[in-house]
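Understanding the architecture of this molecule
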Amino acid sequence: QVRVVESGGGLVQPGGSLRLSCAASGSIFSIPVMGWYRQAPGKQRELVAVIRSGGTPNYRDSVKGRFTISRDNAKNLVYLQMNSLKFEDTAVYYCYAVAASSPGMGLVEYWGQGTQVTVSS
């Protein structure tokens, strides 16, 4: 079993910055994909950024140039650096990992419990 835990959310003023962290732990053979989703009140969950091991990150258009996703493959960590935050970035941010627990096992999605990011003046 794989456990995914986020940290780093909070309250920030417009234009400010936050850094989210996410750690995957447990029985892990490989994690080809890690990423971040978010869900604002009354809206569907949406992909924010995704990064593959050794691959190029991908972002949703509204965060390009402001958010940066990175990962530490050796430690099974993924980060989301969020700069120039806007009111519309307010949401619960979820980390996810697509992982295999052992060789020959299929890939499974694992989700964190979410961390609140609130952008308010």
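See above for the structure.
Overview of the structure. (Residues numbered from 1 in each chain as written. Predicted model: local features only at pLDDT ≥ 70, side-chain atom pairs only at ≥ 80, totals over all residues. Heavy atoms only, no water.)

**Considerations on the pairing of strand 4 (residues 30-39)**
For clarity, the threshold we go by: If DSSP finds at least two bridges between two strands, the strands pair. Runs of H or I in DSSP of at least four residues are treated as helices and runs of E of at least two as strands, each being numbered from the N terminus.
Inspection of the sheet shows strand 4 paired to strand 9 (residues 91-100) by 8 bridges, in the antiparallel sense. Within strand 9, the position partnered with Ser-30 by the bridge is Ala-100. Here strand 4 runs beside strand 5 (residues 46-52); their pairing, made up of 6 bridges, is antiparallel. Pairing of Trp-36 across the sheet is with Ala-49, part of strand 5.

**Details of the packing of aromatic side chains**
Note the cut-off: Each aromatic pair joins two rings of Phe, Tyr and Trp (for Trp, the six-membered one) with centres within 6.5 Å, and gets the label stacked for planes under 30 degrees apart, edge-to-face for over 60, and tilted for any other angle. Whether a residue is buried, partly exposed or exposed follows from its accessible area with a 1.4 Å probe, protein chains only, as a fraction of its type maximum: under 20%, in between, or over 50%, in that order. In our convention, an over-ring charge means Lys NZ or Arg CZ found within 6 Å of a ring centre and within 35 degrees of that ring's normal.
All chains considered together, the criterion is met by 3 aromatic pairs. Between Tyr-37 and Tyr-96 the ring centres are 5.2 Å apart and the planes differ by 75°, which places this aromatic pair in the edge-to-face class. Of this pair, Tyr-37 sits in strand 4 while Tyr-96 is found in strand 9, placing the two residues 59 residues apart along the sequence. Assessed through its relative accessible area of 6%, Tyr-96 is described here as buried. These aromatic residues form a ring-pair network of at least three members: Tyr-37, Tyr-96 and Trp-111. The ring centre of Tyr-79 lies 4.0 Å from the NZ or CZ of Arg-19, which sits over that ring. The side chain of Arg-45 reaches across the aromatic face of Tyr-94, ending 3.8 Å from its centre.

**Examining unusual backbone geometry**
Phi angles above zero are rare outside glycine, and Asn-76 is one such case at about 55°. Along the polypeptide, Asn-76 turns up in the loop between strand 7 (67-72) and strand 8 (77-82). Look at Ser-84: it is not a glycine, yet its phi comes out positive at around 50°. Ser-84 gets classed as partly exposed once you look at its relative accessible area, which sits at 40%.

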